[in-house]
Structures are given as structure tokens and as C-alpha cells.
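Geometric and topological summary
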2 protein chains.
Amino acid sequence: MEGFAAPLEELIDSFSALPSIGRKSAQRLAFHILSLKDEEAEKFINSITKARSSIHRCPVCCNLTDKDICRICSSPSRDKSTVCVVENPKDVNAIEKTHEYNGLYHVLHGAISPMNDIGIEDICAKELILRLEDDTVKEIIMATNTTVEGEATAMYLSRLIKPIGIKVTRLAYGVPVGADLEFADEVTLVRAIEGRKDL
Amino acid sequence: MEGFAAPLEELIDSFSALPSIGRKSAQRLAFHILSLKDEEAEKFINSITKARSSIHRCPVCCNLTDKDICRICSSPSRDKSTVCVVENPKDVNAIEKTHEYNGLYHVLHGAISPMNDIGIEDICAKELILRLEDDTVKEIIMATNTTVEGEATAMYLSRLIKPIGIKVTRLAYGVPVGADLEFADEVTLVRAIEGRKDL
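Read on for an overview of the structure. Within each chain, residues carry numbers counting from 1 in the order of the written sequence. Throughout, the order in which chains and ligands are written sets their labels, letters from A for the former and numbers from 1 for the latter. The model is predicted, so local features are restricted to residues of pLDDT at least 70 and side-chain atom pairs to those at 80 or more, both for listing and for counting; the totals for chains, interfaces and linings are taken over all residues. Remark: hydrogens and water are excluded; side-chain values derive from all non-hydrogen atoms of the structure.

1. Overview of unusual backbone geometry
Trans peptide bonds make up most of the peptide bonds, and negative phi angles are found at most residues other than glycine. Residues and elements named next belong to chain B. A positive phi is found at H99, a non-glycine position, where the angle reads about 60°. Strands here mean DSSP runs of E at least two residues long; helices mean DSSP runs of H or I at least four residues long; both are numbered from the N terminus. Topologically, H99 is positioned in the loop between α4 (89-96) and β4 (103-107). Positioned with a positive phi, H109 is a non-glycine residue whose angle comes to about 55°. Take H109: it is sitting in the loop between β4 and α5 (125-131).

2. Some details on the sheet that holds strand β3 (residues 79-86) of chain B
Residue and element names in this part refer to chain B. Two strands are said to pair when DSSP picks up at least two bridges between them. A sheet is described by the order of its strands in space; here four strands give the open sequence β4-β3-β5-β6, paired in parallel fashion. In this open sheet, the two edge strands, each paired with only one partner strand, are β4 and β6 (167-170). Averaged over all adjacent pairs, the angle separating strand axes in this sheet is 25°, with direction ignored. One ladder, built from four bridges, connects strand β5 (residues 139-142) with β6; its direction is parallel. The residue of β6 that forms the bridge with I141 is T169. Strands in contact with α4 are β3 and β4; relative to β4, the strand with the most contacts, it is inclined by about 160°. With axes taken as lines fitted to C-alpha atoms, and helix axes fitted only over the stretch in contact, angles between N-to-C directions fall between 0 and 180 degrees. For this analysis, residues touch if any pair of their heavy atoms sits within 4.5 Å.

3. As for the layout of surface pockets
The method works on a 1 Å grid over the protein atoms by themselves. A cavity is a set of points holding a 1.4 Å probe that cannot get out, a pocket is an open set with protein on both sides within 12 Å along at least five of seven lines, and residues with an atom within 4 Å of a point line them. Grid points are joined across faces, edges and corners, and a volume is the space filled by probe spheres set on the points. Approximately 390 Å³ is the volume found for the largest pocket. As for the largest pocket, its lining consists of 16 residues, of which T144, N145, T146, A172 and Y173 of chain A are closest to the centre. Listing elements by their share of the lining of the largest pocket, those giving two or more residues are α4 (89-96) and α7 (186-194) of chain A. Here the residues of the lining of the largest pocket sort into seven nonpolar, five polar and four charged. Of the volumes computed, that of the second largest pocket is approximately 310 Å³. In this structure, the second largest pocket is lined by 16 residues; those nearest its centre are D91, A94, I95, A143 and L171 of chain B. Any residue that is not Ala, Val, Leu, Ile, Met, Phe, Trp, Tyr, Cys, Pro, Asp, Glu, Lys or Arg is counted as polar, Gly included; the first ten are nonpolar and the last four charged. Counted by class, the lining of the second largest pocket contains nine nonpolar, four polar and three charged residues.

4. Concerning the pairing of β3 of chain B
Residue and element names in this part refer to chain B. One ladder, built from five bridges, connects β3 with β4; its direction is parallel. Paired with V86 across the strands is V107, a residue of β4. Note that the unit made of β3, α4 and β4 has a crossover that is right-handed. Look down the strands so they point away from you; if the path from the first strand over the helix to the second goes clockwise, the crossover is right-handed.

Worth remembering: the numbers are spatial, not functional.
Given below as C-alpha cells:
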């Protein structure tokens, strides 16, 4: 008579199916869910259904939003001549936290990865090209990850966009601020030396 | 304009409120939930509501079950004269996995912990005493955790039960099988020496 009662096992399986949740964590979460008060459980389920029903991609920048047009695209104070291209909505948040960037974004929702069978048509690249049809955008900042996939995506897109006559830039590579040089990998150091600046 | 859209933030907060889920994990889970197909999301929510509505405590042993009386209590092949007292439903599973124990269980759903304001009335101790009213049970095996709280609970319950004339035993302490002696803590080693057996 191993194992828990069937509905509890199903609940554990549901949690196990979530990313980075192992069997032990799934058990802990399932027991927690069972121990919740009715209104707490209802709130948990509501947050799932509400997010799933109201969150969609902004038709302009493809970032996730609950508005018709996302907060950033619809803000009159943002500089509409610069578009920062990122892989994921989390990257938008990371850049917003710097409070230094006042342009718009474009979220690709992924990167080209032939190994995983993800091509240019599987990411929101078409939407980016469509945004460049009028003359508003003057510069595209490629802020995809500095992984092989991110680099390939940045390169591919820049080859599409440059012929339109729009400036395409890439985030600077280098040693992270606050890092010990001895722990920086060789490629990063080479890029940091190549990109050295006058003091 | 930091942060995600409100419903997405609420979903992330919901996941953050779960045990051992940090902010980063909660974000990952929330994005995963948004990326699910409708039927997958429905299955996830159904597993929560179904488990919450059908899982309850067995009126005999207080283990979690979806039956009127749990599978173990209602099994005719189990030895009804022995009751193994554990803190949590997971402990029942752990002992069942040994395939060596054929008695019944009693799940306390916790342990006495004055530090956390958990007294004897907050755990399923009353239900255990009620089970001893007829003469069926001959032995109680205390299998609470070997923590301070588990020890205190075992001690407290044994003082309640022994006067009724029922044998109360405790799981043996000692070095875990397959463990290196050098990594065993002093208290465990002392207990292992005290409990030594003739070869």
C-alpha cells in the first residue's frame, strides 16, 4: 500500500511537472495546498485563471501585458526612436530596474536555436521588422543573451535590419562590475580587452 | 515602469507564498503556467480542486485518504494489534516502502513544540487515545522524528498510554545503514553504543 491516495498523487504529479520542481518539493507543495484555508486556495487558483485570461502579448512589442497596448509602448514619455531587443519579458524588467533606459523594447520570446529546432519564424522577429516600416525607429539595441543562441539571433536580425538603414548596436561585453578578474572566463576577458576605453 | 503586469505579479506572488519557492523560482513557475495549453492549465487546476475536495483525514488513523476509511485501516490483512505512531503522512509512506511492517498507523500531524506554541491538543493525540479504548491494540510503536519535538511527543504519549497497560516501544537509534562512522554525530554514536547487540 505504497503511495498516497490517488487525488493526492495526482496533485503531486501536477507539481512535479512544473519546471525545477522535483518529487520531494512537489510533495511539500501538495501538502501545503491541502493545508490552505478555502479562501487561500481559491485565491491561488484565481491568480492562475486571472493571469492566464488577462495576460497576452502587446501587439506592438510582444511583451506580456494585461492592457491593449503595454505600459511602456503606450507611455508618452518614452523615446520612440530606440528599440531594445530582448529575448524574454524578464529581460525587460532587468533593464527597467537600471532606470537608465528610456526607449522602447521588443521581446522576441526566445532565440534562434537550430539545435532545439527553433528558427526565426518561431520567435517574434516578424513583429520587429513590421515596427520598422515607418521612420520612427532610428536605433535598435540588441540585448539578447550573450549565449551562442543570443549571439546568433542578434547577428541574424542585424543583417535583416541594417539594409533598411537603421543603426544596430549590441550591448558592450566586458567584466561584470564588482567581479574579481581571476574568476572571469577567458572569452569575457578577451572581449573586455578588445573593448577597452581611454581613461 | 518596473515589474510585470498586475495579474502576472499576482501570479508570481501566489507562487512565492508557497514553501521553499523564492522570487526567481516563482517567476519561472508563473511564466510556465502562462505558457501552458488550456487543457494543461485546466488539468493543473483540477488536480488542486479535486485533491482539496476529496482528501480528508481517515477517522481512525488520521492519515490522509480519499476513502471513508483509509486503505490501511480498512485492509483485512493488516495486524490490528500494533499501531505505529508517526508525525506526518509522508512517514507512513516511508515505513510502507520497507514492506516489513504489517500493523496499522496513527498520524499525529505534527509534534508537541512549546517553542512554536504547538501543544498536545494541536496534534491528533486525542484520536490515538480513543483508539485504545477497546482491547484490540497491544503495542504502540513510537516512530516520531528523532528531533527534540519528536522525542518530547513520544515521551508525553508513552506516559499517557503506558498506564492503560499497553506496550509502548520506540524505534531503535543508531548509525544509519551504509553510513561512514566518521560522519555520524556524537549523540547518534552514543545511542548506537548504548543500544549495541550481541553478534
